[in-house]
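Observations on the three-dimensional arrangement
Letter by letter, the chains look like this.
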Amino acid sequence: MREWVRQTVEQFGRDRHQLLEILGHLQRGRSYLEKETLLAVAEELDLPAAEVYGTATFYSLYSTVPRGKHIIRVCENAPCHIDGAAAVLAAVQAYLGLQVNETTEDGRFTLETTSCLGICSAAPALMIDDDVHGNLTPESAVGILKNLA
Amino acid sequence: MSMHRSHILICSGSNCSHRQSRAVRSRLRQAITETGLEREFKVIETGCFGLCQQGPIMVIYPEGVHYCRVQADDIDEIVQTHLQKGRVVTRLLFKSGTEQSVELPKTAFYQKQKRVVLRNVGLIDPENIEESLARDGYQGLAKVLDTLSPEAVIAEVTNSGLQGRGGAGFPAGRKWEFTRKAPGDQKYVVCNADEGEPGTSKDRLILEGDPHTIIEGMAIAGYAVGATKGFIYIRGEYQLSLQRFRQAVAQAKEYGLLGQDILGSGFHFDIEVRSGAGAYVCGEETALLNSLEGKRGEPRYKPPFPANFGLWGKPTLINNVETLANIGPILIHGADWYRSIGSPECPGTKVFTLSGNIANRGLIEVPMGITLREIVEDIGGGIPNGRHFKMAQTGGTSGGCLAVQHLDLPVDIPHLAEVGSSLGSGALLVVDDSHCMVDLARVFLKFFAHESCGQCTPCREGTTLLKRLVDKIASGSGTAADIKAMRRLSTTMQMTSLCGLGQTVPTPVLTMLAYFNDEFMEHLDGGACATGVCRAAVKGVV
Amino acid sequence: MGQSMKSMQELEAIRERARKAMQVRQNQEGGPVISVAMGTCGIAKGARDVMMALVDEAAKRGLDSVVVTQSGCAGYCEHEPMIKVQLPHQDAVYYGSLDERKARDVVARHLVQGEIANDYVLQLPGGEPLA
Ligand SMILES: Cc1cc2nc3c(=O)[nH]c(=O)nc-3n(C[C@H](O)[C@H](O)[C@H](O)COP(=O)(O)O)c2cc1C
Ligand code: FES
């Protein structure tokens, strides 16, 4: 792990201003940033651990707690809201048996809400990992989840 | 170079990516190969056509036939009927109400539009710099480097009357001048592509559909203000934009349009692409600078302004994506040409994202000063499902909520300010009469309470308190005193919040209380929600 | 492919080349149009080869503004492959029973020199030219 952090830091440069890119890179392909990872980054960049931790927790795309294999983010802003986002969210919750910000026991899914995904013209929308899906109905949203590996 | 008889354009913006457009594209390529038509037909993936509701959209040139809502299953018919026999597949043509059209540009949706910023979007392959060059990409930069001094460039931008398109509407030329005059050897140009305003996706459309116009705008800005280095901060959720932009920067470097001694002029300019990480407040310019420095994205106190004290304390010019997309055309065609578009107080065009209860949802570009009615009824195709217009919110969630009496209002910066709203980022949310304003206020305030960065007290506490007050009103237990408290709190936040986030939260609240006062009153003292929305929603949440 | 440009002239040259490659997509209202009848019978008799010959010949001769498009079967099956040449402000001319060589000839004579290639003009049963 240490070596991997060092390589990443070297790839982006030992600069404070690369911190977000470094954190983003380290989190890619995994669900969260472990404490050890953050401590290693702090050491590599010669920053106080609190700085690194404080930065990581500020941004919603980073997580410092374990999450599921798939992160499902349901948009709940106004354009999606008036097109039935609440019903979509309720259907997803019922299917997964989760409240918002919870993870299934088998570690496959984490449910979050998000602000606008920028595809309001195809509202309501949700994002699974990096993929955005729009024009949802409660049924189609659950259908998409069923097709996930 | 091989010449193809026909070009088939198919949109590949992220709006369509989600609608199986990937499957459509691969099926098309496959079918063309199977029928041995590769020599005749060239398939090009373009940015979004703006009419996302009808997507994926396919255009076949030279005939210019537009097909809408194309699915993978339709491909065989298109290939057999159109590509092989030259007959139009009428079933897939654009339809809106009674209107049916072979060419989208001839529909009402396009006729009232004026495309400056989106001139190439949906027409070119954004991953091929030569298609941008063919459509006058980098011509503005070439002209500037060849014939104009930095001062002359700034004068042209100032005379054009271009105002910032990121929300605040500050005159672009003046900002450039401040940055040029600020003392310092090292200066920066930053493009704000954090686009987080709910209901807005215009910047993404430009980034995905015509990234080179932004590179050109940034390079011209760099030349004008005296910067050799630019950063673009793209919202982390916009994966396709990030990928396309990185590719565009690499191509521009390869062609010598970025880097050292551009076009033999002695001017150097480079761009670094950075990804955001999910924080609305990072769209605020000083928060964005902190984030670029690798810190928490908390806004800074202003003054000093970024023009004097920006990235790492150096003079920095920050402009929005759409602002920069106007720069190339302004320098090619001149300030007078630009002023001939739009209204006298507010020249140019504006890109709007139409969302909500409107027939044609999607992205449009119109001259400033067009009326709200023309946007909603003529371009937007009116309110669907036999419902009636109730409210239009301009400027996104931080913009004002307008009512029926505002339909004939010219839409531009000064006219919207007069009625307490703002143009903002150009979101336009249309809401029909089945929705309740109190319920919507809850949605807005939930957003702000979540996105407030918590640094200053008026915004941190104010958003939460406002949210509690509307929740109470929605539940039926509110009183007249609660409405008064909302007004007072809003005024306090406007005056004392540190950044634009807290300062603009009151915009939707106060306009709602002004134009939909009766509806709030109805909810008080155990009163019912006329649309029945609140009752259901409150039960569901509590 | 990419080349690092070092002057305004190089930029202009690339721009010119790129424009040509995109010509098909410009709205050439009012420019010359050749449409090839692409019914089943036309295709069976070689309409596709005729069309490619037209495209190729027009490109070779630098006729950038010529649009080559296709139409459905015109119903004169025995005269396929047939094409219609429409020059701005002139009556359309129909040619029939073409092959690749004749198609190239039509481009050379009708589009370049502006003379109707009478020997290929489609004759209706009464001997009248189709118009
Ligand atoms: C909370 C908040 C969010 C903002 N978000 C954005 C944004 O996403 N994109 C943007 O260009 N400007 C945004 N702005 C406005 C910027 O602070 C700034 O005014 C703008 O980037 C300047 O560019 P312009 O003059 O070209 O408009 C935001 C402002 C605030 C207060
Ligand atoms: S509001 Fe949901 S995608 Fe924009």
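Each value, and the rule that gives it
Residues numbered from 1 in each chain as written. Chains lettered and ligands numbered in written order. Predicted model: local features only at pLDDT ≥ 70, side-chain atom pairs only at ≥ 80, totals over all residues. Heavy atoms only, no water. Contact = heavy atoms within 4.5 Å. Buried < 20%, exposed > 50% of the residue type's maximum accessible area, 1.4 Å probe, protein only. Helix = DSSP H or I, 4+ residues; strand = E, 2+ residues; numbered from the N terminus. Pairing = 2+ DSSP bridges. Buried area = accessible area lost by both parts, 1.4 Å probe. Salt bridge = Lys/Arg side-chain N within 4 Å of Asp/Glu carboxyl O. Polar contact = N/O pair within 3.5 Å; in protein donor to acceptor, adjacent residues only side chain to side chain.

**Regarding the arrangement of the chains**
Once contacts are tallied for each of the two pairs of chains in contact, the highest total is for chains A and B. Left apart from each other, chain A and chain C have a closest C-alpha approach of 26 Å.

**Looking at the pairing of strand S17 (residues 427–432) of chain B**
A regular strand places its side chains so that they alternate between the two faces of the sheet. Residues and elements named next belong to chain B. Burial runs high along S17: six of the six residues are buried. The alternating pattern of S17 places Ala427, Leu429 and Val431 and Leu428, Val430 and Asp432 on opposite faces, both of which are buried. Relative to S17, strand S13 (residues 349–356) runs parallel, the two being bridged by four bridges. From the neighbouring strand, Leu354 faces S17, where its bridge partner is Leu428. Taken together, the five bridges between strand S15 (residues 389–394) and S17 define a ladder with antiparallel strand orientation.

**Considering the interface of chain A and chain B**
Contacts between chain A and chain B engage 37 residues on the former and 56 residues on the latter. For the pair chain A and chain B, the two sides together bury roughly 3500 Å², of which 54% comes from carbon and sulfur. Looking only at chain A, the three residues that lose the most surface to chain B are Phe58, Ile82 and Ser121 of chain A, adding up to 20% of its buried area. Where chain A touches chain B, the interface holds four salt bridges. In this structure, Asp131 of chain A engages Arg22 of chain B in a salt bridge whose closest nitrogen and oxygen atoms are separated by 3.9 Å. Across the chain A-chain B interface, the total number found is 19 residue pairs in polar contact (both at pLDDT 80 or more). Mapped onto the side of chain A that touches chain B, the elements with two or more residues apiece are helix H2 (19–27), helix H4 (49–58), helix H5 (78–81) and strand S5 (131–133) of chain A. With four residues, the top contributor of residues to the side of chain A that touches chain B is H4 of chain A.

Spatial relationships are all this shows, so hold off on functional conclusions.
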